[in-house]
Amino acid sequence: MIRINITSVFVDDQAEALAFYTEKLGFIAKTDVPVGEHRWLTVVSPADPDGVELLLEPTGHPAAGPFKEALVADGVPFTQFAVDDVYAEVERLKGLGVQFTQDATDFGPVVTAVLDDTCGNLIQLATMK
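Residues numbered from 1 in each chain as written. Predicted model: local features only at pLDDT ≥ 70, side-chain atom pairs only at ≥ 80, totals over all residues. Heavy atoms only, no water.

> Quick question: what am I supposed to make of the pairing of strand E6 (residues 100-106) here?
Working note: regular strand, side chains alternate between the two faces of the sheet. Two strands pair when backbone bridges link them, and E6 and strand E7 (residues 110-116) are joined in this way by four bridges, in the antiparallel orientation. Paired with Thr105 across the strands is Thr112, a residue of E7. In sequence, E6 turns back onto E7 through a hairpin of three residues, with Gly108 there showing a positive phi of about 90 degrees. (Pairing = 2+ DSSP bridges. Helix = DSSP H or I, 4+ residues; strand = E, 2+ residues; numbered from the N terminus.)

Okay, here's the thing in structure tokens:
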């Protein structure tokens, strides 16, 4: 059976991304291996430390920068994270200084919010009702 093992987000600075994703969002570091000038750097949810890993991928490919910039300019989140309560998570993250481009919004079957990850991406938080 096919399953998702690792997914990634392109980040401008891996150290900065690791700090944001662990200190603000609450992920935990899983793998940190030097690979030339960069690192194979993944984080996981503390609720599922053996689950899907998020690779903090350096924005090294020439297409990555323009791709990220276009998504941000259009307000399109690069990925989505599930949370138990979007409203509570937005308040918690705002208390940590996280900037949102969309506050918690009820769309019927789902409540979403969109944050700036400080690494060149918009990230959507979602709670299914």
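> Teacher, can you tell me more about the packing of aromatic side chains here?
Given two aromatic rings, their pairing is described by the distance between the two centres and the angle made by the two planes. Going through the model one piece at a time under the given rule, you end up with six aromatic pairs. Connected via pairs of aromatic rings, a cluster forms that spans Phe20, Tyr21, Phe27 and Phe81. (Phe/Tyr/Trp six-rings, centres within 6.5 Å; stacked < 30°, edge-to-face > 60°.)

> Looking at this structure, how should I read helix H1 (residues 14-24)?
Within the span of H1, buried status applies to Gln14, Ala17, Leu18, Phe20 and Tyr21. Looking straight down H1, one finds its buried side chains confined to an arc of 165 degrees; they lie on one side. A side-chain oxygen of the first residue of H1 lies 3.0 Å from the backbone nitrogen of Ala15; this N-cap is Asp13. Positive backbone phi, at 95 degrees, marks Gly26, one or two positions downstream of H1. (Buried < 20%, exposed > 50% of the residue type's maximum accessible area, 1.4 Å probe, protein only. Arc of directions from axis to C-beta. Polar contact = N/O pair within 3.5 Å; in protein donor to acceptor, adjacent residues only side chain to side chain.)

> I tried to follow the sheet that holds strand E1 (residues 6-11) on my own but got confused; where do I start?
Adjacent strands of a sheet pair through backbone hydrogen bonds, lying either parallel or antiparallel. As summarised here, the arrangement of the four strands in space is E1-E4-E3-E2, forming an open sheet in which the pairing is mixed. The sheet terminates laterally at E1 and strand E2 (28-35), the two strands that pair on one side only. Between one strand axis and the next, the sheet turns by 25 degrees as a mean value, whatever way the strands run. Where E1 meets strand E4 (residues 53-58), six bridges bridge the pair, whose relative direction is parallel. Following the sheet pairing, Val11 is matched in E4 by Pro58. Contacts from H1 reach E1, E2, strand E3 (38-44) and E4, with the element oriented near 10 degrees to E3. (Axes fitted to C-alpha atoms, helices over the stretch in contact; angles between N-to-C directions. Contact = heavy atoms within 4.5 Å.)

> Hey, could you run me through the sheet that holds strand E5 (residues 79-82) in this one?
Pairing is mixed in the open sheet, where four strands are placed in the order E5-E8-E7-E6. At either end of the open sheet lies a strand with only one pairing partner, and these are E5 and E6. This sheet shows a mean twist of 20 degrees between the axes of neighbouring strands, independent of strand direction.

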